[in-house]
Structure formats: structure tokens, C-alpha cells
Amino acid sequence: LPPGPSGTSKGGVRELVWGYLESSGLADTPRPVHGRIPNFKGSHQACCSIKELDAFSRASVIKVDPDKPLEGVRLASLQARKTLLVPTPRLRSGLFNRIVPPAGATKEMLRICSTSRGIKEYSVPVGLDGKVRVDLVVVGSVAVSEKGWRIGKGEGYADMEYAMMVSMGAVKEETPVVTIVHDCQVLDIAEELLDDHDLTVDYILTPTRTIKTNCKRPKPQGIIWHKVSYEMLAKIPILKSLRYKEKQTGKDVTLQDEHPDLANANESAALNEKAMPGNTRPQAAMGSAQLGQQYVESDSLSPRLEGSGTITTVYVGNIPPNVRVSELKYALREFHATPLKVNWQGAQHRAFLDYKDKAAAESAVSSLKGLSLGGNTLRVELAKNQRNKGQAWIKNLPFGSCAQPHGAR
């Protein structure tokens, strides 16, 4: 028999479902299912029924979570020649990976591509500005109600992924959301357990049923920044880029543990900067001739930097050709990673940032990890050859300058 009362908390519901799946022999590998989106016997059968949904037939791009019980949906998507997007584990290195089977892939190869191994071996990252439009979202659940109310494993990644997709413009309110569960995971959930950031579902697929929830509760409208902590921001680098983008549009991106007075001070500083004639925000439109006049090229092989014995350089690569040096500088200020100098090599799609010491440089690398500009996720790391070892960079610009080399954009 399926579990009865849903408990008095989300945690109580989770423990009830996990315990029942294990004790009833319904749990499948990986075991134990506690702490996971649980796999269950019959998951492949439940997944196969997605092919009967009109939402699946119409979809060109499908986002499916990497959980084991959703393997069958990933396989069905690849077999139907859909574009399959899978979130990166714990969102550590971006938001999506697109699964790209090898040319002429056999049925067995497609099966491998749908597994966790295949997600690692046959995927390419999708940038934050990739203009992705997702037609169908498939998530795992620990428990779900026939009204469409969902409880995940408690870490909030599915909710965050959806909110990030909203911020990217990848999904709309009407984009269908499907979950795959065992029949015993469908139970009554008290509405008061739901928060405004919780994702609801439109379809529930089990080994025996297809349930259309007709859920009227609104889905998350984007990232609720006052519920995001600095710790979460550090764990999910792509959040930094989204916060940077939304701040540019004027949205309130104050974090959960950000001091309101400090936030107001930062906002005032940003407004003052915006009003300054020498503004170097990305939107500043400066002619190439003006940029050329301000550019100073240094041929010095002995850079005259204070404390040059301790200066540590950070390499920034994968810079798109359409990104200006002013855009990079503005991002550096936003991410509290302002260097002593920026050495811009736009033609080579890279830049070098000088910091006063190794600790400052490592802090900058951590802050800038996952930063996306112009559609590319930047490559940020300590430079292999440091300046105090005799190497000199071609371009040498003070950080406060708006200068750019001729022909660079």
C-alpha cells in the first residue's frame, strides 16, 4: 500500500517515502535511496509513457534532470532526435550540457548516452547567453501530489534550475513540467508546506498512470535573490553571472545575508558611476577612434609595478570578439575582483589581470569562476608564467583607463 499521511514537514514526507520504498522492496539502484531522487522498480516503464504525451511530440528541446529514474526519458528524447539538455551536476560548471551522441550512434550507444557516464562523455556545455528555448522540462521528485505540488530531495537544485531558466528566457509560464515517480510517491501534500520558489508540475507519470494535474499555482517567476545566500552564490558560479545581468537591468538583487545598508551604499555608488561622463559600463558606446587615442602600448620588458616581486597575474581566456575591455572592467568591479592593471589582448581573445599578491589573485579566480560575457563562459585561472619571472605582456593598461587597442571591440 502507498504511504498514507504526508507528515507535517517536507522532511517528514521525504523520510516517509524513502523508508517505504526501501522497506517494500520497490527501491532500485543506487541504494539506499535516502537523500536522493529515488530510483524505483518500474521507472523505465513510467518513462516510456512520456512518448504518448502531445507535449513530448511537439517538443524540439527537452531539459531532463540527471537523476537515475529519468534515464528512460533521456533515452526516449535521443531516440526521437530531440535536443537533450541536462543540468550540470550541482550547477558547478554552468547550467546545461547538451548531449551529443556520436555520428551514426547505435541503439546501444544512445542508451549509454542517456546514462550518467554518457552525460559526462558525450556532452558539450551550453553558455548562459546561448538563446536556448526549452519546450519541455522533466524533473525528478521524492513526492508529488495529484494537484501538482512537488517535494524534491531538499537541496533546491530543480527549483533553482527552473528559476535560472526563467531568468535566461529559456522557459515560459506555459512550458510543461513533467515528473516521473512510483505510484507510492503520489500522495497528499499540505499546501502550506510549499514556498513561492517551489516548482510545480503539470504531468505525473507512474508505471500505471498518467496524471494531468491542471495545477493553477504559479511557477517561480525567476530567481528570488533575497532567498539566495553568499554561500549558494559561491557554490553555483553561473548564479553570479545571472545576478550581474539582472542588476544591469535595474532589478533588486540583494542577497539573503547581504546587509541592506551596504546594499544601498553599493547601489548609490553604482548610480553615481552611471552618471559620470567617464562611465565604463558595458553599455557605454565609444568610437574606435576615441578608444585608439586613449590607448597606450608598452614595450617595456621590465614592468614598473609597485611590489613587482609579489604581483600575481590571472589569465582570462575565451573572450568573445564582440566584448570590449570596458565590459570586462565593469564585470571585475561587480564581482569585487578589481585588479591593479588589466593587460588587454582582445585580438587574442584574452586578458591578463595583475593583483598585488597571490591571495588576491586566487580570490579573484574564485569570484570570477563561471562568469559569462558575450555568450562565452570565460576561462579564468592563475597565469602559468608570472611577470616577476621576466615575462611581459604585450598590452599594459591601468585599470582605471577606458583604453583599448586599435581594431579591438
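Here, the structure is the one placed above.
Okay, so let's go over this structure. On a predicted model such as this, the values are computed, not experimentally measured, just so you know. (Residues numbered from 1 in each chain as written. Predicted model: local features only at pLDDT ≥ 70, side-chain atom pairs only at ≥ 80, totals over all residues. Heavy atoms only, no water.)

## Examining unusual backbone geometry
A negative phi angle is the norm for most residues apart from glycine, just as the trans form is the norm for most peptide bonds. Here the bond from threonine 29 into proline 30 is cis, since omega is 0°, no more than 30 degrees from zero. Residue position: proline 30 is located in the loop between helix H1 (10-23) and helix H2 (43-48). Cis rather than trans, the peptide bond between arginine 31 and proline 32 has omega equal to -10°. Residues other than glycine seldom take positive phi values, yet arginine 81 does so here, at roughly 60°. With respect to the helices and strands, arginine 81 occurs in the loop between helix H4 (71-79) and strand E2 (83-87). The exposure class of arginine 81 is exposed, given its relative accessible area of 70%. Although it is not a glycine, asparagine 318 sits at a positive phi angle of roughly 65°. Here asparagine 318 shows up in the loop between strand E11 (312-317) and helix H12 (325-334). (Helix = DSSP H or I, 4+ residues; strand = E, 2+ residues; numbered from the N terminus. Buried < 20%, exposed > 50% of the residue type's maximum accessible area, 1.4 Å probe, protein only.)

## As for the pairing of strand E3 (residues 96-99)
Here E2 runs beside E3; their pairing, made up of three bridges, is antiparallel. Looking at E3, one finds that leucine 85 is bridged to arginine 98. Where E3 and strand E4 (residues 123-126) come together, four bridges link them in antiparallel fashion. When the bridges of E4 are listed, arginine 98 appears paired with valine 124. (Pairing = 2+ DSSP bridges.)

## Here's the deal with the packing of helix H7 (residues 157-168) against helix H9 (residues 237-248)
One way to put it is that H7 packs onto H9 with a least axis distance of 11 Å and a crossing angle of 35°. In this structure, H7 meets H9 at a crossing whose hand is left-handed. Taken together, the residues of H9 that come into contact with H7 (itself represented by Met160, Met164, Ser167 and Met168) are Ile238, Leu239, Leu242 and Glu246. Its residues assigned to classes, the contact of H7 with H9 comprises six nonpolar, one polar and one charged. (Axes fitted to C-alpha atoms, helices over the stretch in contact; angles between N-to-C directions. Left-handed = near helix turned anticlockwise from the far one by under 90°. Contact = heavy atoms within 4.5 Å. Nonpolar A, V, L, I, M, F, W, Y, C, P; charged D, E, K, R; others polar.)

## Comments concerning the sheet that holds strand E10 (residues 210-212)
Judged by pairing direction, the sheet is mixed, and its eight strands sit side by side in the order E4-E3-E2-E1-E5-E8-E9-E10 without closing on themselves. Edge positions in the open sheet fall to E4 and E10, since each of these has one partner strand only. Between one strand axis and the next, the sheet turns by 25° as a mean value, whatever way the strands run.

## Here we look at the environment of tyrosine 122
Looking at where tyrosine 122 falls in the secondary structure, it is placed in the loop between helix H6 (116-121) and E4. In this structure the C-alpha to C-alpha distance between tyrosine 122 and valine 100, which are 22 residues apart in sequence, comes to 5.4 Å. Look past the residues within four positions of tyrosine 122 in its chain and what remains in contact with it is Arg98, Ile99, Val100, Pro102, Met109, Ile112 and Cys113.

## Remarks on the environment of leucine 110
In this fold, leucine 110 is placed in helix H5 (residues 107-113). Here the alpha-carbon distance between leucine 110 and leucine 75, two residues 35 residues apart in the chain, equals 6.5 Å. Those residues in contact with leucine 110 that sit more than four places away from it in its chain are Leu75, Leu78, Gln79, Pro101 and Ala105.

## Thoughts on the packing of aromatic side chains
Under the defined criterion, the tally for this structure stands at one aromatic pair. Ring centres 5.7 Å apart and planes at 55° place the aromatic pair tyrosine 315 and phenylalanine 352 in the tilted group. Here the residue tyrosine 315 occupies a position in strand E11, and phenylalanine 352 occupies one in strand E13 (residues 350-355), the gap between them amounting to 37 residues. When its relative accessible area of 19% is taken as the criterion, tyrosine 315 is described as buried. Judged by relative accessible area, which is 7%, phenylalanine 352 ranks as buried. (Phe/Tyr/Trp six-rings, centres within 6.5 Å; stacked < 30°, edge-to-face > 60°.)

The values reported here are purely geometric and, on their own, carry no functional implication.
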